[in-house]
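Summary of the model geometry
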Amino acid sequence: MSPLIHGYLYDKMNIEGKYDLYPIKDDVKAGLKELYDKGLSGLNVTVPHKSAVIPYLSGTDEIALSIGAVNTLIRKNDGFYGINTDIEGLKREVEDTGHSVKGMDTVILGAGGAARAAAFMCLREGASSITVFNRNIQKAEKIVEDMREYIRSYALKAQDYERSGVQPDVILKALPFSEVSNVTKNGSIAFQCTSVGLKPDYDSVITDDPAFYQKLKFAIDLVYVPKTTRFMQLCRENGAEAYNGLKMLIFQAVCAFEAWNDVEVPKDLVREVYEKVESTMRRNVILAGFMGSGKSSVGKRLSELLDYEYYDTDSMIVANEGKSINRIFEESGEAFFRKLEEELIEDIYKRSLEQKGKRFVLSVGGGAVLSEKNREYLKKTGLVIYLKASAGVIKKRLENDANRPLLKGDKASKIEELLKQREAVYEEAGDLIIDTDPDTVEEAALKGERRI
Ligand code: S3P
């Protein structure tokens, strides 16, 4: 996303500049020198180089040095100078949501690079307590130690806690995850900084104990793909506000842009960038699967959760022809119906190329993905989710349904037979699979939302 963000900022702020990506091999020192010699005026540094570059810089600011990680390099006469805009980025995200960590109890989940940035942000912004929870307690303790060192060497030295931002009596603790529910205080602010819940682990979460979430007032999951993690979902279900890390990504970029170009990016432009990135990340969603797998009910709910439009190929065909699916089959046969379905799917794809604004969720009839041409068009139109259900569950769901022309006669054995024939094609057609057997519509829709 960074080239998109910076490209947009250069353009809108009328500054001549270009943001490119440079792979850097194991030899960080040589890589940095090469980029300096190229004449670059700045760099972002990302995982796994955020700490490794520090020895080769002309200097860093105090907070980056205390954290031991930089993400932004600024060209100086004697080399690159390192700062860390992740901290400022997270701070601005918190502000943007209308909250503040000042005087608050804060909880950091995880002890990697992102957790360090979050912990130091809380320290500098005047949290009253910061508790770092991690499986590996030594890593959490190291962050606490580094925060103490920061207080000793900078905050105290400044002899002015107000300027440093640090609360004089801030409580710092490192604890194992197992204590998270007991120790967290009511009204806390949490920062989810572990990689649990990241692709493809969407349904995992660091803890699912409601007692923990009930104690939170507000939380940020530093992840931004998926858009809504299970952690965020649990926060919301238990009454806490929750956001993902997309704004942090944008704000860290804005801070780097400001440092490189010595400008201030107006708030309205930051909002525009956010909308641009959000819409770039959004994809249409196509739900495929057998009759009774939940395509329409889950599709409608998913479209509400995502704020997308909702369409369904069967309903579109019925509207175009002015006849029910049953009547089309009876009067014109299955081949005719398949032709209509193919034409419609091609047309939807073509229209999606000019699509502006809202994305859509599209449910396709159970036989649509049997056509290779349809599969190709659908994959180009958006993310195809196969809603999987077993024959037993489908039979129950369709028990009282008389609108399925392909299931006339012995419904139960027709379901079994057709599903057996089709299952492999459904799996091939789906970019991902959601098993709807155990889920309510709401649960399946939420699973879908997390994967997009
Ligand atoms: C069909 C499924 C139906 C409909 C038509 C054919 C199929 O859609 O398109 O009856 O071949 O599986 P739903 O899956 O939405 O019921």
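The structure contained in this document is the topic of the report that follows. Note that the structure is a prediction, hence the values are computed from the model and not measured.

Turning next to the site of the ligand. In the neighbourhood of the ligand, 13 residues make up the surrounding shell, with Lys 295, Asp 314, Arg 338, Arg 404 and Arg 422 lying closest. Arg 338 has a polar side-chain atom sitting 2.7 Å from an oxygen atom of the ligand. Contacts to the ligand include Gly 367, whose backbone N or O atom sits 3.3 Å from an oxygen atom. For the ligand, the protein covers 94% of the area, taking 380 Å² as the surface of the free molecule. For the shell around the ligand, the element with the highest residue contribution is helix H15 (residues 325-353), accounting for three residues. Its residues assigned to classes, the shell around the ligand comprises five nonpolar, three polar and five charged.

Summarising burial for strand E8 (residues 188-192): five of the five residues are buried, a large majority. As paired elements, strand E5 (residues 105-109) and E8 share four bridges and run parallel to each other. Counterpart to Ile 108 in the pairing with E8 is Phe 191. Inspection of the sheet shows E8 paired to strand E9 (residues 216-221) by five bridges, in the parallel sense. Residue pairing for E9: Ile 189 is matched across the bridge by Phe 218.

To continue, consider the nonpolar core. Generally speaking, a soluble globular protein has its nonpolar side chains buried in company with each other. Ile 108, Leu 123, Ile 130, Val 132, Met 147 and Phe 191 are the most contacted members of the largest nonpolar core, which totals 38 residues. Secondary structure elements with two or more residues in this core: helix H3 (62-67), helix H4 (85-96), helix H5 (113-124), strand E6 (129-133), helix H6 (137-155), strand E7 (171-175), E8 and E9. Counting residues per element, this core draws most heavily on H5, which supplies eight residues. Other than its neighbours up to four places away in sequence, Ile 130 contacts Thr 106, Ile 108, Ala 119, Cys 122, Leu 123, Met 147, Val 170, Ile 171, Leu 172 and Lys 173.

When you line up the elements, Glu 442 lands in helix H19 (residues 441-451). Sequence-wise, Glu 442 and Val 298 are 144 residues apart; in three dimensions their C-alpha atoms are separated by 7.2 Å.

So, on to the sheet that holds strand E4 (residues 79-83). Strand order in the open sheet formed by four strands is E1-E3-E4-E2, and the pairing between neighbours is mixed. Looking at strand neighbours, the two that pair on one side only are strand E1 (42-44) and strand E2 (59-60), the edges of this open sheet. Here E1 pairs with strand E3 (residues 72-76) via three bridges, running antiparallel. Pairing of Asn 44 across the sheet is with Thr 72, part of E3.

Summed over all chains, the structure comprises zero disulfides. As a non-bridged cysteine, Cys 235 has Cys 193 as the owner of its nearest cysteine sulfur, 12 Å distant. The exposure class assigned to Cys 235 is buried, which follows from its relative accessible area of 0%. You can see Cys 255 has no disulfide; the closest cysteine sulfur is in Cys 122, sitting 16 Å from it. In this structure Cys 255 comes out as buried when scored by relative accessible area, which is 8%.

Glancing now at the environment of Tyr 8. Checked against the element boundaries, Tyr 8 lands in helix H1 (residues 2-12). Among the residues examined, Tyr 8 registers a relative accessible area of 17% and is labelled buried.

Next up on the list: the pairing of E3. Where E3 lies against E4, five bridges are found, and the strand directions are antiparallel. Bridge pairing in E4 links Arg 75 to Phe 80. Turn length for the E3-E4 hairpin, with the two strands adjacent in sequence and antiparallel, is two residues.

With that settled, the discussion passes to helix H10 (residues 230-237). Within H10, the full set of buried residues consists of Phe 231, Met 232, Gln 233, Leu 234 and Cys 235. If you follow the buried residues of H10, they end up packed against E5, E8, helix H9 (210-214), E9, strand E10 (241-243) and H19. Downstream of H10 by one or two residues, Gly 239 has phi in the positive range, about 90 degrees.

Following both chains from N to C, one finds H4 and helix H11 (residues 246-261) inclined at 125 degrees, their axes separated by 7 Å at the closest point. Compared by their axis directions, H4 and H11 come out oblique. Crossing of H4 over H11 shows right-handed handedness. For the pair H4 and H11, contact is made by Thr 85, Asp 86, Glu 88, Gly 89, Leu 90, Arg 92, Glu 93 and Asp 96 and by Leu 246, Lys 247, Met 248, Phe 251, Gln 252, Val 254, Cys 255, Ala 256 and Glu 258, respectively. Residue classes in the contact of H4 with H11 are distributed as seven nonpolar, three polar and seven charged.

In the structure shown here, the tally under the stated rule is 38 salt bridges. Asp 347 is paired through a salt bridge with Arg 351; the nearest N and O atoms lie 3.1 Å apart. With a gap of four residues between them, Asp 347 and Arg 351 both fall in helix H15, about one helical turn apart. For Arg 351, a relative accessible area of 49% puts it in the partly exposed group. Here Asp 439 makes a salt bridge to Lys 447, at a shortest N to O gap of 2.9 Å. Here Lys 447 falls in the buried class, since its relative accessible area comes to 17%.

Right, let's get into the packing of H15 against helix H16 (residues 372-381). For the pair H15 and H16, the least separation of the axes is 9 Å and the interaxial angle reads 25 degrees. Judged by the inter-axis angle, H15 sits roughly parallel to H16. Considering the relative orientation of H15 and H16, their crossing is left-handed. The residues of H16 that touch H15, namely those facing Glu 341, Glu 342, Ile 345, Glu 346, Ile 348, Tyr 349 and Ser 352, are Lys 373, Asn 374, Tyr 377, Leu 378, Lys 380 and Thr 381. Class assignment for the residues of the contact of H15 with H16 results in five nonpolar, three polar and five charged.

Rules used in this analysis
- Residues numbered from 1 in each chain as written.
- Predicted model: local features only at pLDDT ≥ 70, side-chain atom pairs only at ≥ 80, totals over all residues.
- Heavy atoms only, no water.
- Near = heavy atom within 4 Å.
- Polar contact = N/O pair within 3.5 Å; in protein donor to acceptor, adjacent residues only side chain to side chain.
- Areas by Shrake-Rupley, 256 points an atom, 1.4 Å probe, with all protein chains shown as cover.
- Helix = DSSP H or I, 4+ residues; strand = E, 2+ residues; numbered from the N terminus.
- Nonpolar A, V, L, I, M, F, W, Y, C, P; charged D, E, K, R; others polar.
- Buried < 20%, exposed > 50% of the residue type's maximum accessible area, 1.4 Å probe, protein only.
- Pairing = 2+ DSSP bridges.
- Core = buried A, V, L, I, M, F, W, Y, C linked by side-chain atoms within 4.5 Å.
- Contact = heavy atoms within 4.5 Å.
- Disulfide = S-S within 2.5 Å.
- Axes fitted to C-alpha atoms, helices over the stretch in contact; angles between N-to-C directions.
- Parallel < 35°, antiparallel > 145°, perpendicular 65-115°, else oblique.
- Left-handed = near helix turned anticlockwise from the far one by under 90°.
- Salt bridge = Lys/Arg side-chain N within 4 Å of Asp/Glu carboxyl O.

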